[in-house]
Every structure is written in C-alpha cells, then in structure tokens.
Amino acid sequence: MALLAVLFVPLILLIAINNGKVSQVFSMKIPVFLGEISYGIYILQKPIHHLVSTVMIYLHISNKSLIFYNSMICLIIFSSLSYKYFETPLRKSISKQYFKNKTN
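Read on for an overview of the structure. (Residues numbered from 1 in each chain as written. Predicted model: local features only at pLDDT ≥ 70, side-chain atom pairs only at ≥ 80, totals over all residues. Heavy atoms only, no water.)

## Notes on the overall build of the protein
In terms of regular secondary structure, the protein is built from five helices and zero strands. Its helices and strands in sequence order give the protein the pattern α-α-α-α-α, from N to C terminus. What you see for the protein is a C-alpha radius of gyration of 19 Å, clearly larger than the 13 Å of a compact globule of 104 residues, by over 25%. Projecting the C-alpha coordinates of the protein onto the three principal axes gives extents of approximately 60 × 40 × 30 Å. The buried share of the protein, reckoned over its 104 residues, is 15%. Residue pairs at least 24 apart in sequence account for 50% of intrachain contacts in the protein once pairs closer than 6 positions are excluded. For the protein, the exposed area adds up to about 8,800 Å²; of that, 72% sits on carbon and sulfur atoms. (Helix = DSSP H or I, 4+ residues; strand = E, 2+ residues; numbered from the N terminus. Rg over C-alpha atoms; globule rule 2.2 N^0.38 Å. Buried < 20%, exposed > 50% of the residue type's maximum accessible area, 1.4 Å probe, protein only. Contact = heavy atoms within 4.5 Å. Areas by Shrake-Rupley, 256 points an atom, 1.4 Å probe, with all protein chains shown as cover.)

Right, here's the structure in full:
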C-alpha cells in the first residue's frame with residue numbers, strides 16, 4: 001500500500017503543475033466524466049458486480065472476463081444514471097437550502 005502512495009504522489013504533483021499534454025489528457029471529456037461519476041463507481045462497484053455475476057451465472061455464463069466487462073459496462077451506466085438523477089439534484093437541493101439559510 002505504501003508503494004502505491006510513493007507512485008501516486010509524484011503523479012498527482014505532475015498533473016497539478018503540468019500545463020501541457022498531461023493536463024490536456026485529463027481535461028478531455030471522458031476523464032472528466034469518469035471523475036464526475038467516480039463516487040457512484042466507488043459505491044456501486046460491489047452491488048453491480050454481484051448482480052451481474054448472479055444474472056450471468058443464472059444464464060449459465062461462467063466466463064470471468066465476460067462477467068468483468070459486463071460488470072464494468074453496467075457500473076458506468078448505473079453510475080452515470082446515479083450522478084444525473086440522484087447526486088446532481090440532491091447536491092443542488094442541499095446547496096439551495098444551505099444558501100437560503102445563510103441569507104437569513
């Protein structure tokens with residue numbers, strides 16, 4: 001685990017101070033979108049994998065690679081829907097309520 005920190009700290013610093021190609025890559029739509037839905041990916045990864053695995057085993061499909069890739073596709077879809085229809089409206093509602101109480 002400590003090795004990962006040693007690897008990721010320089011990467012994070014490089015991204016933070018770089019204004020060139022690295023920044024351009026991380027500013028593209030797909031990485032930004034994946035960053036926005038990352039909370040849903042984190043929270044939903046286990047339930048989605050379990051659901052997809054159960055369904056595919058029920059359908060007599062036991063190929064682990066196929067289960068993995070189907071889980072990833074479903075995870076991105078469900079995380080996107082969660083972001084659009086749950087996280088964003090809830091964040092707006094909380095912000096509106098917070099700023100309403102701040103002005104009083």
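## Observations concerning the nonpolar core
One finds I48, V52, M56, I67 and L75 forming the largest nonpolar core, which totals five residues. Looking at this core, the elements with two or more residues in it are helix 4 (38-58) and helix 5 (64-103). In terms of residue count, helix 4 provides more of this core than any other element does, three residues in total. Once you skip the residues sitting within four places of it in the chain, I48 turns out to touch S71, C74, L75 and F78. (Core = buried A, V, L, I, M, F, W, Y, C linked by side-chain atoms within 4.5 Å.)

## Things to note about helix 4
Given a rise of 1.5 Å per residue, 21 residues ought to cover 30 Å, and the 29 Å separating the end C-alpha atoms of helix 4 matches this to within 8%. Bending of helix 4 peaks at approximately 55 degrees at the position of L44, with proline P47 no more than four residues after it. Restricting attention to buried positions, one finds in helix 4 the residues G40, I48, V52, S53 and M56. At the exit of helix 4 stands H60, carrying a positive phi of roughly 65 degrees. (Expected span 1.5 Å × (residues − 1). Bend = angle between axes of the 7 residues up to and from the residue.)

## Looking at a nonpolar patch on the surface
A contiguous nonpolar patch, built from L3, L4, V6, L7, F8, L11, I12 and L14 and spanning about 770 Å² of accessible area, is present on the exposed surface. You can see L7 is positioned in helix 1 (residues 2-17). (Patch = residues over 30% accessible without salt bridge, like charges linked within 9 Å, V, L, I, M, F, W, Y side chains within 5 Å. Salt bridge = Lys/Arg side-chain N within 4 Å of Asp/Glu carboxyl O.)

## A closer look at unusual backbone geometry
Its identity as a non-glycine residue notwithstanding, H60 has a phi of 65 degrees, on the positive side. Relative accessible area serves as the criterion here: at 74%, H60 is assigned to the exposed category.

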